[in-house]
Amino acid sequence: MSETTTLSYTRADFQTDQEVRWCPGCGDYTILASVQTFMAEMGVRRQDIVFVSGIGCSSRFPYYMNTYGMHSIHGRAPAIATGIAATRPELSVWVVTGDGDALSIGGNHLIHALRRNVNLKILLFNNQIYGLTKGQYSPTSESGKVTKSTPMGSVDHPFNPVSLALGAEASFVARTLDMDRPHTIEVLKRAHQHKGAAFIEIYQNCNVFNDKAFLQLTGKTERELNRIALRHGERVVFGPDSQHAVVMEQGAAKVVPTNSVPADRIYVHDEHAPDPTVAFALSRISHGPYGPTPLGIFRDAERPTYDSGLNQQLVDAQTRKGPGDLAKLLRSLGTWEVE
Amino acid sequence: MSETTTLSYTRADFQTDQEVRWCPGCGDYTILASVQTFMAEMGVRRQDIVFVSGIGCSSRFPYYMNTYGMHSIHGRAPAIATGIAATRPELSVWVVTGDGDALSIGGNHLIHALRRNVNLKILLFNNQIYGLTKGQYSPTSESGKVTKSTPMGSVDHPFNPVSLALGAEASFVARTLDMDRPHTIEVLKRAHQHKGAAFIEIYQNCNVFNDKAFLQLTGKTERELNRIALRHGERVVFGPDSQHAVVMEQGAAKVVPTNSVPADRIYVHDEHAPDPTVAFALSRISHGPYGPTPLGIFRDAERPTYDSGLNQQLVDAQTRKGPGDLAKLLRSLGTWEVE
Amino acid sequence: MSDDTLTKDRPDLSNRETIDRVVIRFAGDSGDGMQVAGNRFTDDSAVFGNDLATLPSFPAEIRAPAGTLPGVSSFQVQIAAFDILTAGDQPDVLVAMNPAALKDNLADLRPGGTIIINTEAFEPRNLEKAGYQTSPIDDGTLEPYLVIEVPMETLTKEAVKESGVSGRDVLRSKNFFALGLLAWLFNRPLETTISWIEEKFGRKPEVAAANIAAYKSGYNFGFTTEAMKTTYEVLPAQLSPGTYTNITGNTALAWGLVAGAQQSRLPLFYGSYPITPASDILHELSKHKNFGVRTFQAEDEIAAVGSAIGASFAGNLAVTGTSGPGLALKSEGISLAVSLELPMVIVDVQRAGPATGMPTKPEQSDLLFAMYGRHGESPLPVVAAATPSDAFDTTFEAVRLALKYMTPVLLLSDNHIANGSEPWRLPDVSDLPDISVPFATTSVGNGHFLPYLRDPETFARPWAIPGTPGLEHRLGGLEKEEVTGNISYDPANHQLMTDVRAWKIASIANDIPPVEVDGDDDAEVLVLGWGSTYGAIKAGMRRVRRRGIPVAAAHLRHLNPFPANLGEVVRSVPRVLVPELNTGQLLRLVRAEFLVDAVGLNKVAGTPFQVTEIDDKIVEMVER
Amino acid sequence: MSDDTLTKDRPDLSNRETIDRVVIRFAGDSGDGMQVAGNRFTDDSAVFGNDLATLPSFPAEIRAPAGTLPGVSSFQVQIAAFDILTAGDQPDVLVAMNPAALKDNLADLRPGGTIIINTEAFEPRNLEKAGYQTSPIDDGTLEPYLVIEVPMETLTKEAVKESGVSGRDVLRSKNFFALGLLAWLFNRPLETTISWIEEKFGRKPEVAAANIAAYKSGYNFGFTTEAMKTTYEVLPAQLSPGTYTNITGNTALAWGLVAGAQQSRLPLFYGSYPITPASDILHELSKHKNFGVRTFQAEDEIAAVGSAIGASFAGNLAVTGTSGPGLALKSEGISLAVSLELPMVIVDVQRAGPATGMPTKPEQSDLLFAMYGRHGESPLPVVAAATPSDAFDTTFEAVRLALKYMTPVLLLSDNHIANGSEPWRLPDVSDLPDISVPFATTSVGNGHFLPYLRDPETFARPWAIPGTPGLEHRLGGLEKEEVTGNISYDPANHQLMTDVRAWKIASIANDIPPVEVDGDDDAEVLVLGWGSTYGAIKAGMRRVRRRGIPVAAAHLRHLNPFPANLGEVVRSVPRVLVPELNTGQLLRLVRAEFLVDAVGLNKVAGTPFQVTEIDDKIVEMVER
Ligand SMILES: Cc1ncc(C[n+]2csc(CCOP(=O)(O)OP(=O)(O)O)c2C)c(N)n1
Ligand SMILES: Cc1ncc(C[n+]2csc(CCOP(=O)(O)OP(=O)(O)O)c2C)c(N)n1
Ligand code: SF4
Ligand code: SF4
Ligand SMILES: [Mg+2]
Ligand SMILES: [Mg+2]
């Protein structure tokens, strides 16, 4: 991104003239505010930013961002964004998606974009429900959930989006919470700085079809007990008096009383660990927002991006063969003359 | 599966009259022989077995199995098999798929079948290439691979199928090798015994388009150096003189000289660990069949299956409401009479 | 007015006029409960014996902020003393719960129509949200209409005071206040709704009490204030004797599947991915597990059709349902089902397209997609429901064809049928035909089962399901050899299989009733329709006939193949008119097939035809 | 015979007869190198100046075991002294490298034709694999033919003895032995192939030496043994002057895209998932990164079309290519592109369907799918290539339309065009028109960019790409308000947008040349075709005309919209015949559009038309 002049945007520069049409009280509003605030700080020219979404309540997002944008079809945003990011590496490309959009119909594109490490920033608004279609269970809904399509409770075991992303070779994986704007903004910033695909799960309250799904992380009393903040280089302890600690035992992360272990056995978070196993271990502390749940950056590791690889080959080919010459190409299989 | 009489099948009982049409030397032949051998031992009546495949060389498999079978469309076998297993829980349903079929076009169905724990046995023939379409790179091809579609080398980072399956909540995950028939048969047996989705990655040599891809695990000298056999309850050591050992260090699996660590620090394999992290850690020891690579059962954990949950609800509903009465249903929204 | 005793027994001093039909539209914010009010009014009228038809209109997919135009939800119902066919072109009465609702719906109201206004919602913020500069109540906008101003919020609050409901919840009862007022205006009995409320809110007695109080209060308000000089009565219609229920198309379709499964003695499997406006079929079926119904919410539509293919192979009555975008994703899977010749019903509840389009609006633009939406030569039967209750019968027919001919069948419905409702005279379930088809149990080909050895009558291949000893066989999507089902690349065999697949479907023409022509023998125009335009076409034709112009109409349930007599029918009239909510899709099929110069009446606006549009077009054709 | 000096200069005592055309088919096992032999013979003949057309036939998708019928691979070429149109109905000469190849191809050989047999392959095991009880060489089967028996393996071994090649590799040269023999029989110069071998196997000199030795040895074998009494010569054809290359349809299509990108000054993006028979386009394009071509092997076809949508939005010439099953999966994405009005070319190289069908066989059964294969009203232009070289021009035209009208364009090819080849007179690249379309750079709507403010001529909307300051805007698949592009559920707007989208495509009829009619003014039959049937139709028509029957033919490149004069053309002849490799798809379009009683000649066998099939049908129509 060529930043020739210093940019001085405010949040308002990223608002559009379209009326925001989520239900009053929806967590999407808060996320929108966080993203707009961050965009003003990001230091990228508005015209160099693209938001691509699928279909869902969350996927209305691009309409409210005064950047380039596309509200596409259900589940396909990562594929569409790949076409943008791969051909225009100078752009800042963001994907906004929901738990149904990204993990149900769009699961394949998501895992492939992560594997390829396409330079996309993927914001998954996880409300653990299909909002737009009025309340069916999603691949992140807890099992046993009673919804319109599961009157006797769902018999599906949900995905853990962080585990799935890590299993799909994601180089950057984080989790945040709609309500916590500073945390959201911090995570967005880090995603932006990361080169390659960044996957951010944002717990988002759908107050109409799945209200209070995140109570254990947002309730006044519950939050302090259950939020495990991941901070690079710091010991992972949590609770009002830091009374709980995370340790790695035989390859799994466990929560133990802080005073039950020597301080140096407490896990010191390393976002950059080349092996994703530690991040995976952390992702298994909770399965959904129930009980102690890590928030923050699970993993931020470097590896080559798809777009840089692809574009480098173009440069190399031109260096080696010179720019394309159509007349020569047409003659490349051997010719003969007829007089 | 109702086994009223004792079954005495031989491998020949599972052969069909169709000529087997893989390239001479293809690893698929060996796998076919292993599967047929195992089927004769499995103790399930032939008519209760179904093989479903997608499209690819490997997906020709059902034609050669004298059971019920379907050669379907590219990537969709897990979805089709779900329709069979969910409605006919008494059947033994097997999916045969390739690295392109399962991980490229079919990635979404695969991860959802694993998440739901549908009672399917999924055999992924991983030859790290698209065989049927004559040699393009696949999602498991090593990066940099030169193929017809990547004359300058692929810029994709491959999936690690075992990691992906674990990230997708798989309850049974194993890896074996075409050439090693007893090992293959052992793994098939365990998959059959497992209740729920079983995912087996089978390294399969495509001698036409990707010959010797697995040399480090099959070569006379290399194999002993690189095969890490996972055996439940045993310390994980390998090498001709067991000189290498696997340890878990800060949540990651590492290969160390056996004599550099006390014996009790060597990882003792636990297939049944409730937390999939150890299995994940093991999966990260290699990324593809290069260098020391674990073979065997990474994970075999119990959790409820989709089909049992679904079918139990039918039983419960009938218990609660009695069998369906159509005349009553039509009247259930309130009626009035016109005389 | 908060008096809880019914004022009904008091002598009524207003004039009571008998009319033969009326169209009422309830309009308010999504949160105002207009769908409930409309449905209640409908049910009360149904029980009273009127004929009726409804047309709900939901706000677009995202829930808009309260008070805005995109947030408006409405419900239109026509009740009549005779058999009617549509929910009416123009409302006679509009209930407007807020300025946005008024703004959105006023243009549709018939000149001189009645507006019942919730005046208290007309405050500056709401007016602004609706884009009104001044209040339409005062600025003359409403002069052409009869306006009943009601301070509904105050009155509702007053009414529910003693119910135990408090805070925000109080105003939730105002839809029942409005409903009560209409009950007075149209002399509807109150009991049906009161007992409905009692049952529905049984677990929340305070809410039940509040709603009943508001309802009665609305009634009493009309009565005591004599809000109008005249009240109206729509007498019961002369419907055929029988037991009736009021049904939407989605419910009827779901029940048609349950009936199809019962009459074919198969377990029903429904694999689907939620999508507007088809989701309610999934919801409805998932309630009926005690019928042996298995529903599977798949990860996407590809998996939905895939699971149905598997379920069909395994011996279920396999069904998959969706709307246009989902049908697109199922295309490849359906072509596999065609090739495997497995029975299956694919439901497409059409919505306005292309792409995401207008998901809550009806359209008929998937017909050619249903016909030709697969690669290769991939024919299958296509049937379409015409009205909400007809969805039951059409669905049953789709199941019959699928099983008898071992083929996927495409069943078309649309948003209008799916969410619209009408009285349905219940069939006697013991009259439903047995449509079961026996599974293959024995093998003819000396030990080898022959999966493509066909029934010489229907050309259907045998259905041999896993678990059957001796019939182990493999099916696949590569071209198969006739009889054996083995892979074959033989040119003559591919030609034969292509011909057989085509012939099998084409021959269904001999197994379906001829299309019926309704109207005059000497008709100058034949109006040929399919799907949800049924009511508008029939009503339009009636009006034209009343003017002495000879005209006829025919409506197709079977779109592929056509009924055997269709060619004769379209060739026997001077002119053929094909009204469709698309750019002329049946039109193209009819022209190609019969070479008749049929003309289209085409509308692609996301709204149904008005009867007058049909009517005018017929007249125009006759006069020309 | 292992003498390495060319015996060419020795006086030739055999008769040399000049013929004007010959059809040769090389047939052998997949591993026998028949495609190479065929291609070499083709190139030699091309350089010699013959006109020619080729038809390769690959074994079905899986590689069968050596020696079996499913493992047979063949290559047919017709070379001629005049301009020909097809690869010929029946081979005059068959090269049979093993019993399976003989069995598979014998029935096609013209009675009295010549068979060159690799006798050593006719041993019991191979005979059995091919299903021969006795050897056809001895049992009279070959009596109706002229047979040249050659112990090719011994001779090849002998020939390559000194090359340094050993073991299994020795016999790999036997295709060159066969080729050498044919070079003798048809008096082809040897130099071209020798230098080709030298270049091709430059890095493996021993292989090059072996192949050259076998090649010469084959030639010498014919010469010295006088294998036939007569050799033949096909003189150069009178082709228009110019520089020629021999090209397959897939390559021409890929080059057409490169040319389109260059002439529109856009970077080319090709998003695709491998599938037979389209994969070679991906392979070809991935070689040309120095042209700024980006290829993306997507995870599936949905991602392929998705990536193309993104690339188009980002300002690339975006293309996605596939075959039928992949097109099915792209349906929803294409409908998004229609709604977003983004330029894009979608290539469908048709194969025989439905489902997986017969992937290596040609068919034209995706035309109606291309036309109607999307939900909602979702029109787009459809163009089809007629011959391998025509794929270049048709592709260029597809690119032009996509950019000028801001629309996805569907480009149809098929297996026959894709893998067939013909001489192509190279265009002068400096004559290629400029088809660039400027991106939007400024905004007209007072600060708001208006993405749906259309060009009043073409109705195209402006293309504003990310990176352009001030033109930030959002596109979406919900219905959009004309001009602003904001979401709109307004009925009148949906009608307008539907009409505009339809009109935009329909109006292209004014921007394309009228369809040309070739043949007699007083034609009794007009043969109307599209796609790969071009050669057979033209050749069939020629034959009929030679018999004095007046007939004409027209071939459509543009299937949607039709050329403006098509109605006139089809109405001005007594009879219209539409030959298609499907069940009558163009036929249905033409009948619906023009109400003419056109009849179809339909073949769905996975093989192209024989010229005689066309010819006979025309005669039958005229005589009736
Ligand atoms: C192909 C297709 N299938 C189904 C739908 C219907 N649909 C729209 S959004 C959605 C799911 C929404 O859930 P989620 O992605 O979690 O987003 P949310 O609304 O909760 O933000 C579904 C099923 C569609 N638009 N397209
Ligand atoms: C929808 C669709 N897209 C593409 C193809 C073409 N195709 C068939 S198999 C295949 C990949 C095969 O690779 P893999 O799954 O690894 O199987 P293998 O042949 O290596 O055993 C592809 C791309 C197809 N048949 N259908
Ligand atoms: S339905 Fe839920 S997710 Fe959607 S806008 Fe409303 S509150 Fe938000
Ligand atoms: S191409 Fe490869 S995978 Fe396919 S049959 Fe041949 S050797 Fe096996
Ligand atoms: Mg959601
Ligand atoms: Mg493979």
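Residues numbered from 1 in each chain as written. Chains lettered and ligands numbered in written order. Predicted model: local features only at pLDDT ≥ 70, side-chain atom pairs only at ≥ 80, totals over all residues. Heavy atoms only, no water.

A. Quick look at the interface of chain A and chain D. At the junction of the two partners, chain A supplies 60 residues and chain D supplies 71 residues. The tally of links from chain A across to chain D stands at one salt bridge. Glu299 of chain D is the partner of Arg116 of chain A in a salt bridge, and the nearest nitrogen-oxygen pair spans 2.9 Å. For the pair chain A and chain D, the interface holds 31 residue pairs in polar contact (both at pLDDT 80 or more). Only strand 2 (68-71), helix 2 (77-87), helix 4 (107-116), helix 10 (306-321), helix 11 (326-330) and strand 12 (336-338) of chain A provide two or more residues apiece to the side of chain A that touches chain D. Looking at the side of chain A that touches chain D element by element, the count peaks at eight residues for helix 10 of chain A. Here the side of chain A that touches chain D is built from residues that sort into 24 nonpolar, 23 polar and 13 charged. Here strand 2 of chain A runs beside strand 17 (residues 474-476) of chain D; their pairing, made up of three bridges, is parallel. In the sheet register, His71 of chain A faces strand 17 of chain D, and the bridge partner there is Gly476 of chain D. (Contact = heavy atoms within 4.5 Å. Salt bridge = Lys/Arg side-chain N within 4 Å of Asp/Glu carboxyl O. Polar contact = N/O pair within 3.5 Å; in protein donor to acceptor, adjacent residues only side chain to side chain. Helix = DSSP H or I, 4+ residues; strand = E, 2+ residues; numbered from the N terminus. Nonpolar A, V, L, I, M, F, W, Y, C, P; charged D, E, K, R; others polar. Pairing = 2+ DSSP bridges.)

B. Summary view of the coordination of the magnesium ion (ligand 6). Residues and elements named next belong to chain B. At the metal site, the magnesium ion (ligand 6) is ligated by Asp99 (OD), Asn127 (OD1) and Ile129 (O), and these contacts range over 2.0 to 2.2 Å. Donor residues for the magnesium ion (ligand 6), ordered by position in the chain, follow D-x27-N-x1-I. Asn127 gets classed as buried once you look at its relative accessible area, which sits at 6%. With a relative accessible area of 2%, Ile129 lands in the buried category. (Donors = N, O, S within 2.8 Å, 3.2 Å for Na, K, Ca; no water. Buried < 20%, exposed > 50% of the residue type's maximum accessible area, 1.4 Å probe, protein only.)

C. Looking closely at the packing of aromatic side chains. According to the stated counting rule, one finds 51 aromatic pairs over all chains in the structure shown. Here the aromatic rings of Tyr9 of chain B and Phe14 of chain B are separated by 5.1 Å at their centres, their planes lie at 70 degrees, and the arrangement is edge-to-face. With relative accessibility at 0%, the residue Phe14 of chain B sits in the buried group. Joined through ring pairs, the aromatic side chains of Trp22, Tyr29, Phe38, Phe51, Phe61, Tyr64, Trp94 and Phe125 of chain A make up one cluster. Above the face of the Tyr132 of chain C ring, Lys103 of chain C is positioned so that its terminal group lies 4.9 Å from the ring centre. Between Arg461 of chain C and the ring centre of Tyr452 of chain C, over which it is positioned, the NZ or CZ distance is 5.1 Å. (Phe/Tyr/Trp six-rings, centres within 6.5 Å; stacked < 30°, edge-to-face > 60°. Lys NZ or Arg CZ within 6 Å of the ring centre and 35° of its normal.)

D. Focus on the relation of the copies chain C and chain D. With an axial shift of 0.0 Å and an RMSD of 0.1 Å, the rotation relating chain C to chain D amounts to 180 degrees. Those values place the two copies in the arrangement expected of a two-fold rotation axis. Looking at chain C, 100% of its interface residues are interface residues in chain D too, so the copies touch through the same face. (Least-squares fit on C-alpha atoms with pLDDT ≥ 70 in both.)

E. Region of the structure containing the interface of chain C and chain D. Of the residues lining the interface, 59 residues belong to chain C; the matching set on chain D comes to 59 residues. The junction of chain C with chain D conceals about 4,900 Å² of combined surface from both sides, 64% of it contributed by carbon and sulfur atoms. Breaking the side of chain C that touches chain D down by element, the ones donating at least two residues are helix 11 (324-340), helix 12 (367-372), helix 15 (491-506) and helix 18 (585-594) of chain C. Take the side of chain C that touches chain D: its biggest share by element is nine residues, from helix 11 of chain C. A class-by-class count of the residues in the side of chain C that touches chain D yields 22 nonpolar, 23 polar and 14 charged. (Buried area = accessible area lost by both parts, 1.4 Å probe.)

F. Expanded view of the packing of helix 2 (residues 77-87) of chain B against helix 4 (residues 107-116) of chain B. Residues and elements named next belong to chain B. Contact geometry for helix 2 and helix 4: axes closest at 7 Å, N-to-C directions at 40 degrees. Accordingly, the angle class assigned to the pair helix 2 and helix 4 is oblique. Here Pro78, Ala79 and Thr82 of helix 2 lie close against helix 4, whose contacting residues are His109, Leu110 and Ala113. When the residues that make up the contact of helix 2 with helix 4 are grouped by side-chain class, the tally is four nonpolar, two polar and no charged. (Axes fitted to C-alpha atoms, helices over the stretch in contact; angles between N-to-C directions. Parallel < 35°, antiparallel > 145°, perpendicular 65-115°, else oblique.)

G. Seen up close, the site of ligand 3. For ligand 3, the set of nearby residues contains eleven residues, the closest of which are Cys23, Cys26, Cys57, Cys206 and Asn207 of chain A. More than a single chain frames ligand 3: its nearby residues are located in chains A and C. Of the residues contributing to the shell around ligand 3, the split by class is seven nonpolar, three polar and one charged. (Near = heavy atom within 4 Å.)

H. Geometry of the site of ligand 4. Ligand 4 sits among Trp22, Cys23, Cys26, Cys57, Asn127, Gln204, Cys206, Asn207, Val208 and Phe209 of chain B. Of the residues belonging to the shell around ligand 4, the class tally is seven nonpolar, three polar and no charged.

I. Region of the structure containing the sheet that holds strand 9 (residues 244-249) of chain B. Residues and elements named next belong to chain B. Taken in spatial order, the three strands line up as 8-9-10 in an open sheet, and their pairing is antiparallel. The outermost strands of the open sheet, each flanked by one partner alone, are strand 8 (237-238) and strand 10 (252-257). Alignment of strand 8 against strand 9, held across two bridges, turns out to be antiparallel. Pairing of Val237 across the sheet is with Ala245, part of strand 9.

J. Quick peek at the coordination of the magnesium ion (ligand 5). Looking at the magnesium ion (ligand 5), one finds its protein donor set to be Asp99 of chain A (OD), Asn127 of chain A (OD1) and Ile129 of chain A (O), positioned 2.0 to 2.2 Å from the metal centre. Each donor residue of the magnesium ion (ligand 5) belongs to the same chain, with the gaps between them written as D-x27-N-x1-I.

K. Focus on the nonpolar core. Grouped together as the largest cluster of nonpolar side chains are 339 residues, with contacts concentrated most on Leu528 and Leu586 of chain C together with Leu528 and Leu586 of chain D. Not counting residues up to four positions away in its chain, the partners in contact with Leu586 of chain D are Leu367, Leu528, Gly529, Trp530, Leu556, Leu559, Phe562, Val578 and Glu580 of chain D. Core analysis: the second largest hydrophobic core is formed by 53 residues, Phe176, Leu185, Ala208 and Ile212 of chain D among them. (Core = buried A, V, L, I, M, F, W, Y, C linked by side-chain atoms within 4.5 Å.)

L. Spatial organisation of the packing of helix 16 (residues 534-546) of chain C against helix 19 (residues 611-623) of chain C. Residues and elements named next belong to chain C. Packing of helix 16 against helix 19 brings their axes to within 8 Å, and their N-to-C directions diverge by 50 degrees. Here helix 16 lies oblique to helix 19, going by the angle between them. The chirality of how helix 16 crosses helix 19 is right-handed. The segment helix 16 lies against helix 19, with Ala536, Ile537, Ala539, Gly540, Met541, Arg543 and Val544 engaging Val611, Thr612, Ile614, Asp615, Ile618 and Val619. When grouped by side-chain class, the residues that make up the contact of helix 16 with helix 19 number nine nonpolar, two polar and two charged. (Left-handed = near helix turned anticlockwise from the far one by under 90°.)

M. Just the confidence of the model for chain C, in detail. All names here are of chain C. For chain C, per-residue confidence averages 93 on the pLDDT scale, and 96% of positions sit at 70 or higher. When the criterion is pLDDT under 50, residues 1-8 qualifies, and its contacts beyond four places in sequence or with other chains add up to 17 contacts. Predicted complex metrics record ipTM = 0.94 and pTM = 0.94. (pLDDT = per-residue confidence, 0-100.)

N. Expanded view of the side chain of Glu363 of chain C. Turning to its location among the elements, Glu363 of chain C is positioned in the loop between strand 13 (344-350) and helix 12. No salt bridge is formed by the buried Glu363 of chain C; the nearest opposite charge belongs to Arg501 of chain D, separated by 7.2 Å. A polar contact is formed between the side chain of Glu363 of chain C and the side chain of Ser365 of chain C, at a distance of 2.7 Å. Side chain to side chain, Glu363 of chain C and His494 of chain D meet in a polar contact 2.6 Å long. In this structure, Glu363 of chain C is in contact with Gln350, Arg351, Ala352, Gly353, Asp414, Leu581, Val604 and Gly606 of chain C together with Gly376, Glu377 and His494 of chain D, ignoring residues within four places of it in sequence. (Lys, Arg positive; Asp, Glu negative; His and termini not counted.)

O. Highlighting the sheet that holds strand 11 (residues 294-297) of chain D. Residues and elements named next belong to chain D. Strand order in this open sheet of seven strands is 11-10-12-13-15-14-21, and the pairing throughout is mixed. In this open sheet, the two strands that pair with only one neighbour each are strand 11 and strand 21 (558-560). Sheet twist, expressed as the average angle between the axes of neighbouring strands with direction ignored, equals 20 degrees. When strand 10 (residues 268-272) meets strand 11, the two strands line up parallel, connected through four bridges. For Gly271, the partnering residue across the bridge sits in strand 11 and is Phe296.

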